[in-house]
Amino acid sequence: MNDHQFILIIFLAAFIIITAVFFLTYRSSLRPEEKSDGIKKPLQKRFYFLIALTIVLVILLSVTIPKSPYFKYSDQTPAKVVFVDAMQYYFFMSEQAIDPAKPSGADSIIIPVGQPVEFRVTSLDVNHGFGIYNSDAQLVTQTQAMPGYVNRLRWKFDTPGTYHILCLEYCGANHPNMRTSFIVK
Amino acid sequence: MSAQSLKKTTATWIIVIMTLFITAIIFGILMRLNQGNDYKMSSPGFYATMTTHGLTMIAIWSVAGMVAINYLLTRYIKVPNSLSVFALVFTVIGAAMLWYATFVGQFHAGWTFLYPLPLVKIAWAKWATPLFFFSLVVLGVGWLVWSVGLLVQILKKYSLKQAFAWQHLSKKEPEVKTPPLILISTVSLIGIILSLIVAVILLALTFAEYYSGGAFVNDSLLMKNLIYFFGHTIANESLYLGLAALYELMPEVSSRPKFKTTWYVALAWNCTMVFILTAFFHHLYMDFVQPLGLQMVGQLASYFASLPAAGVTAFSVFVLVFRNHIKWSLTNVLFFIGIMGWLIGGVGALIDATISNNVALHNTLWVPAHFHTYNAMGNVLFCLAFFYWVANEFSGSQTKTKAQQLKTALLLIGGFGFVLMFYLAGADSVPRRFSNYPAEFKSAPLMATLGAVFATIYLIAILLIFIEILRKCVKAFSAS
Amino acid sequence: MCKGLFSLLILFLFYTNVQAQSEYNFSEEENINAKIADVQLNTSDGGMMLSNLYNTSPILVALVFSRCTGICSPFLLQLSDNIRTLNSKEKFKVLVVSFDPIDSLSDLEDMDNRLGLNKKGQWTFATTKQIDALNSSVGFRPIWDSLRKQFDHDALLVGINENGYIAKKLTGLRGISDLKMMIQSIHNEFIPSYPLPRKNNLLSCFTYDPATGKRKPSIGLLILVLPVVLTFGLILWLAIRSKKWRRATNNHLAD
C-alpha cells in the first residue's frame, strides 16, 4: 500500500465514523419529548474527550514531524545534481548551472537508480511547482520553484523508468501543459 | 434603527448572495465538465472562470456570516443599518468590477493572485490587472468599515475583557454574562480586521511594484506569506461567523436551553484567536526556503486549532441533540449537517496540514476536496440555516418546510458525492487547477464528470431551498 | 497626505531595489558538485597535490594574482577579516592560488606579508603549472587585458569538501553570512534552500545570522508581523476609547 492509498483509507474511515455518529445522534433525537434524558455529566465527558483528542494529536505530531521531507538524504553526498529552472511554460533541466539570460537545458536527463540525487529548483518568472510523477502517474515527491530562491530537493529513485515532471503551482493559462521528464536507470 | 430597514437590508443581502452563489456554482460545474471533456472552454476562459468562482465564493460566504451576525447582534446591541448598507453597496460594486476584469478583461491569475503572476508576462487586457486589484480594494473597504463598525458597537456595551468573556475564566457566575454570540463575533471580527489589514499591506506592495514600472521588485517569499496570511485567515474566520449564528440559533429552534458562555467556551475561542495567526504557514510547506521553525509552527497550530473547534462546538451540538427530543426543521437540520461537513472537511484538512502528507497531497485535488467540504457542506449550510430562519421571521411564521426530506437528501447526496470525487482524484495524485488532464490521469475526467453530476444535484437542492427562502424574503419588502 | 506618503514609499523603494528577479549571477551555480582538478601545487613546504590538502580538511580556494591593482587585495583582506570575526569552530583551511603564470611563490609571500593574512597558519599560498585545468574545473575565466596589463576577473571563493567536490561558490565581495553558509556547505551540512545573489534583498523575511548559523528576521518578517501589531493597536485603542462611549450610553440610559 502506498502513501496515497493509506491516506485515503484513513480519511474514508474517519468519514464513515463521523457520518455514523451523526446519524445515530440524529436517530436518538427522534424519541418522544418525555423521554429526553440527554447525556449525563456532559462537562466531565467533554473533558475526557478533549484529553483523548489531545493525546491523539500529540502522538500524530511526534510520529509525523520526523518524516518531514526537508532533510531527506541530507547526510549523503548526491550522486548527481540536476539544475532546474522553471519558466512559463517549460522546465529547463541540466547537469550544469543554467544561465538565466539564455536558459537552455539538456536534451535528456538520466538519473542513476538507487542513489541519492539532488534537484536545485528555481524559477525565472513566476512561482511554479516541481512535482515528480512515476510512470503510474503517482506523485513521488515535490517542491516549489520560487523566483529568487533555490530549493534543494533530494530523492532516491529505487524503480527504473520514465518519470514525469508536472508543474504543481498555477502559473497561467498553459499551466497543465508545462511538463518534462527524465529517465531513471 | 427601525427593525423594518434591517429586515429589508438583510433580505436584499440574501437575494444578492444567493444569486451570486447559484451563478458561481454553475461556473464550478462548467469547470468540472470541461475537465471531464464534456464541455469545451478555452484555457484562459477556464482560468478566468476559476478566478471568478473562487473570489466570488470567498466574498459571498464571508459577507453571509457578517449578514447573520449583523442581524442577530441587534438582540444584544444597537447596530446602525447604514453599516450593512454601506458594505452591500461596496460589495456589489466590487463584485461587478471583479467580474468585468475576469470576463471582459480575461484576468486569470487565480483567486490567490499569487505574486508575481498578476504582474509579469500578463496574458490578458492590460487594464484588467489594476481593475482586479481595485475591485479588491473596494470589497476590502466595504468589509473593513463594516467589521470595525460592528466591533465598535459591541464595545459600546461590553468592555474588551467582557467581549472576550475573560470574566468567565475566573468566576463561575460573573455579574456581566457574555453571550456566546458576542464572544464569537468579537473573536471573528478581529480576525477579519486582521486579514483585511494584511490585504492592505499586500495591495500596497503590489501597487508599488505595478506603478514603479519595474524599478521596485517585491520578495516572492514575503508576498506568498502575505497572500496566505490574508486568504487563509479570511476563509477561516468567515466559517467562525457561521458558527456564531449556530450558537445563537440552534438551541432556540430546537427548543433546548440556550448555549451559555462557560470558562471552557471562553478559553476555546480565545485560543482559536491565537492559533489562527500562524496556521496559514501550512500553505508554504513545499517552499523549503521557509525556515523550518515556521513549518513546525504551521503544523502545530493547524493541529491544535481543531481542539477548541471540535472539542467545544461539535461536542456542544452533540450534547444538545443526543437522546433529546428535537423538533427538526430545515434550520437545525442544516446546522447539524453543517457541523458534520465541517468535521469531515476538518479531517481532510488535518491530513493535508501534516507536512509528511503534504508532500504527497500539496496542490493535488485533495486541497479543493477539503475546503469544498467545510465550505459547501459546512459554512454554506450554517448561513443557509440562518437565511431560512430569518426568512421565516420575515413571513411571520416558522412554518414546516415543504419536502424537507427530499431537500436534505439531495443536499447530502449531491454535496458529499461532489467532494468525494475530489478526494478520490486527489488521493490518486491528480493535480488541482488543471483545465484539462494529461492522458496519464486515466480516471480524472470521469471523476470530473461525476463531480459535475453530483454538483448539479447539490445545485437543485440549493435552488429548492432558495425558492422557498425567496418567497418568504419578498415579504420583508411588502410588510410595513 | 496618503498620496505623499505613498510617493515617499515608492521613492524609498526605488532607490533600494533596482534589479529584476531573474537577473541573478548564475556563475555561482556553475560546477556545483563537480570535482576540483587535482593539480600539482608549489608551496613553501615544497610540492604537493591539491588532494593532499582537502583530504585532511575542507578548504576554501581563493584565486588571485599579485600584480592585481583591483579586487584581489580587498577580497583577501575581507575574507581574513570575516574568518576572524566568524571565529568558526569548524576546521577548514584557506588556499590562495595565483592564476597569473608569471607569479612566483615569493610574490605571493610578499602579498601575504603586506596584508598580514597567515598569522595562525591556516592559510596556504601556492602557484601551479596547471592553472588552466584548475580554472576550468571551478568555472573561473579571467581575461588578460593587454592595455592595462591586468587580468579582468571577478573575485571568486570556492568551497571544497573533504572529497574534493565543489560544495559552494561565492563571487564578488561577500558578507560574513555568506561565508558562514559556505563553511557549513564544505562540511556537508545540508541547507534545504537559499536565496540567489541579487541586490533586491530589502524585503526578504530572513537573513542568515552568522553568530548562530540560523536565519534571523529581517524587514520582510517585520512586514509580516505588522498586521498583527496594527490590529492589536487598533483593538487596544478602541478598548480605551470605548470606556467613554459606554459611560455616555449609561448616562443616556440614566437620563
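What counts as what
All chains use their own residue numbering, which begins from 1 and follows the written sequence. Whichever chain is written first is A, and whichever ligand is written first is 1; the rest continue in order. Given that the model is predicted, a residue must reach a pLDDT of at least 70 before its local features are reported, and side-chain atom pairs must reach 80 or more before they are shown or counted; all residues, however, enter totals for whole chains, interfaces and linings. To get the side-chain values, all heavy atoms of the structure are used, and hydrogens and water are removed first. Salt-bridge detection follows one rule: a side-chain nitrogen of Lys or Arg within 4 Å of a carboxyl oxygen of Asp or Glu. Partly exposed residues are those whose accessible area sits between 20% and 50% of the maximum for their type, while under 20% is buried and over 50% is exposed, using a 1.4 Å probe and protein chains only. The numbering of helices and of strands both runs from the N terminus, where a helix is a DSSP run of H or I of at least 4 residues and a strand a run of E of at least 2. Paired strands are those between which DSSP finds at least two bridges. Each helix should span, by expectation, one fewer than its residue count multiplied by 1.5 Å. The criterion used for residue contact is that any of the two residues' heavy atoms lie within 4.5 Å. N or O atoms closer than or at 3.5 Å make up a polar contact, with two conditions inside protein: a donor-capable atom paired with an acceptor-capable one, and, for residues adjacent in sequence, both atoms drawn from side chains. Note on residue classes: Ala, Val, Leu, Ile, Met, Phe, Trp, Tyr, Cys and Pro are nonpolar, Asp, Glu, Lys and Arg are charged, and everything else, Gly too, is polar. To get an axis, fit a line to the C-alpha atoms, keeping to the stretch in contact for a helix; angles then go from 0 to 180 degrees between the N-to-C directions. Each angle gets one of four labels, with under 35 degrees taken as roughly parallel, over 145 as roughly antiparallel, 65 to 115 as roughly perpendicular, and the rest as oblique. Take the far helix as the reference: if the near one is turned anticlockwise from it by less than a right angle, the crossing is left-handed, and if turned clockwise, right-handed.

A. Structural view of the pattern of salt bridges. Counted according to the given criterion, the structure contains 25 salt bridges over all chains. For Glu118 of chain A, the salt bridge is made with Arg120 of chain A, and the minimal N-O distance between the two is 2.9 Å. For the pair Glu118 of chain A and Arg120 of chain A, a shared accessibility class is recorded, and that class is buried. The partner of Asp287 of chain B in a salt bridge is Lys224 of chain B, and the shortest N-O contact between them spans 2.7 Å. Linking Asp287 of chain B in the loop between helix H9 (263–275) and helix H10 (292–304) with Lys224 of chain B in helix H8 (residues 220–253), this pair joins segments that are 63 residues apart in sequence. Grouping residues by exposure puts Asp287 of chain B and Lys224 of chain B together as buried.

B. View of the pairing of strand E9 (residues 166–171) of chain C. Burial analysis of E9 of chain C places six of its six residues in the buried class, which makes it a mostly covered element. Taking the residues that link successive antiparallel strands as the turn, the strand E8 (residues 156–160) of chain C-E9 of chain C hairpin has five residues, and the phi of Gly164 of chain C there is positive, at about 85°.

C. Spotlight on H10 of chain B. Taking 1.5 Å of rise per residue, 13 residues should cover 18 Å, and H10 of chain B covers 19 Å from first to last C-alpha, within 8% of that figure. Turning to H10 of chain B, its buried residues are Leu294, Gln295, Gly298, Gln299, Ala301, Ser302, Tyr303 and Phe304 of chain B.

D. Seen up close, the interface of chain A and chain B. On the chain B side, the residues contacting the 75 residues of chain A number 85 residues. For the pair chain A and chain B, the interface holds five salt bridges. Arg433 of chain B is paired through a salt bridge with Glu169 of chain A; the nearest N and O atoms lie 4.0 Å apart. Counting across the interface, chain A meets chain B through 34 residue pairs in polar contact (both at pLDDT 80 or more). Those elements that provide at least two residues to the side of chain A that touches chain B are helix H1 (3–28), helix H2 (42–64), strand E6 (139–145), strand E7 (149–156) and strand E8 (161–166) of chain A. If one sorts the elements of the side of chain A that touches chain B by residue count, H1 of chain A sits on top with 15 residues. Of the residues contributing to the side of chain A that touches chain B, the split by class is 43 nonpolar, 21 polar and 11 charged.

E. Seen up close, the packing of helix H3 (residues 81–104) of chain B against helix H4 (residues 128–157) of chain B. Residues and elements named next belong to chain B. Running from amino to carboxyl end, H3 crosses H4 at an angle of 165°, the nearest separation of the two axes being 8 Å. As the angle between them shows, H3 and H4 are arranged roughly antiparallel. Viewed along their axes, H3 and H4 form a crossing whose handedness is left-handed. In terms of residue class, the contact of H3 with H4 is built from 21 nonpolar, six polar and no charged.

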